[in-house]
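Architecture and fold: a report
Residue-level listing of the chains:
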Amino acid sequence: MAPIRVHGTPFSTAVGRVLATLYEKELEFELVAVDMKAGEHKKEPFLSINPFGQVPGFEDGDLKLFESRAITKYLAQEYADKGTQFKCGDSKTAAIIGVWMEVEAHQFDPAAAKLTWELAIKPRYGLNTDTAIVEEHEAKLAKVLDVYEIRLAQSKYLGCDCFTLADLHHLPNIQYLLGTQAKKLFDSRPHVSAWVDAITARPAWSKVLALQKQ
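Now for a description of the structure that goes with this document. Keep in mind the model is a prediction, meaning the values are calculated, not measured.

Attention shifts here to the overall build of the protein chain. For the protein chain, the helix and strand inventory stands at 9 helices and 4 strands. Seen in sequence order, the protein chain has helices and strands lined up from the N terminus as β-α-β-β-β-α-α-α-α-α-α-α-α. A compact globule built from 214 residues would reach a C-alpha radius of gyration of about 17 Å, and the protein chain, at 17 Å, matches this within 12%. Taken along the three principal axes of its C-alpha coordinates, the protein chain extends 50 × 45 × 30 Å. Going through the 214 residues of the protein chain one by one, you find that 51% of them count as buried.

Below is the structure:
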């Protein structure tokens, strides 16, 4: 049995971040299915891993973690010698990468996650999309992507000229939104569009998408 276990579903954006990182790091792991429709994430034994009852749950030996971005940071540090390095340059570059990781979490994700729910997830469950919410959050995401367009005119990736977690953390929401009307927000900005093409084409992300098709 692989020492690393990820509890959740590959359709979860948070789980997707962790899976992408594991594949980038070329690490063996076991994906433990959590039946969210049955509420398994709100019961033991899952709550012993994440007391907030949200996927993913993560185990590496006797270490138990939750919160996807904390898990990806752990994997990048603990397995620094494996696979993709997720870093470049000096401590100042590392600080800039850290800034863009925060931007993803606090600027990009709130709008993108809301759009993912309204445009990609709700229709799958036969729920009605709230057009007012979509309009509001498309406008919010557009403002964020205007900033990204300026940044990506100066740098191939958000943090530096190398692919890092600052880029990877965007992948799950972007993937969902590319299948919706929100795709236009990425396509209409040439540097953002080129960046999206580059990060979604990574072999590790293709493996995450393959998991969703199983």
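So, on to the pattern of salt bridges. If you walk through the whole model with that rule in mind, you get 12 salt bridges. With a shortest N-O distance of 3.2 Å, Asp 109 and Arg 17 are connected by a salt bridge. Taken together, the residues span a long stretch of sequence, with Asp 109 in helix H3 (residues 91–124) and Arg 17 in helix H1 (residues 13–24) at a distance of 92 residues. Neither Asp 109 nor Arg 17 differs from the other in exposure class; each is buried.

Together, Trp 117, Tyr 125 and Leu 127 make up an exposed nonpolar region whose accessible area comes to about 330 Å². As for its position among the elements, Leu 127 is in the loop between H3 and helix H4 (131–154).

This part covers the layout of surface pockets. In this structure, the largest pocket occupies an estimated 1000 Å³ of space. Forming the walls of the largest pocket are 33 residues, and the residues nearest its centre are Phe 11, Ser 12, Thr 13, Met 36 and Val 55. Within the residue set of the lining of the largest pocket, elements represented by two or more residues are H1, strand S2 (30–33), helix H2 (68–78), H3 and helix H6 (171–177). The element that contributes the greatest number of residues to the lining of the largest pocket is H3, accounting for 6 residues. Taken together, 16 residues form the lining of the second largest pocket, with Ala 76, Gln 77, Gln 85, Phe 86 and Lys 87 sitting closest to its centre. Secondary structure elements with two or more residues in the lining of the second largest pocket: H2 and H3. The element best represented in the lining of the second largest pocket is H3, accounting for 4 residues. Residue classes in the lining of the second largest pocket are distributed as 8 nonpolar, 5 polar and 3 charged.

Definitions and cut-offs
- Residues numbered from 1 in each chain as written.
- Predicted model: local features only at pLDDT ≥ 70, side-chain atom pairs only at ≥ 80, totals over all residues.
- Heavy atoms only, no water.
- Helix = DSSP H or I, 4+ residues; strand = E, 2+ residues; numbered from the N terminus.
- Rg over C-alpha atoms; globule rule 2.2 N^0.38 Å.
- Buried < 20%, exposed > 50% of the residue type's maximum accessible area, 1.4 Å probe, protein only.
- Salt bridge = Lys/Arg side-chain N within 4 Å of Asp/Glu carboxyl O.
- Patch = residues over 30% accessible without salt bridge, like charges linked within 9 Å, V, L, I, M, F, W, Y side chains within 5 Å.
- Areas by Shrake-Rupley, 256 points an atom, 1.4 Å probe, with all protein chains shown as cover.
- 1 Å grid on protein atoms, 1.4 Å probe; cavity = no way out; pocket = protein on both sides within 12 Å on 5 of 7 lines; lining within 4 Å.
- Points joined across faces, edges and corners; volume = space filled by probe spheres on them.
- Nonpolar A, V, L, I, M, F, W, Y, C, P; charged D, E, K, R; others polar.

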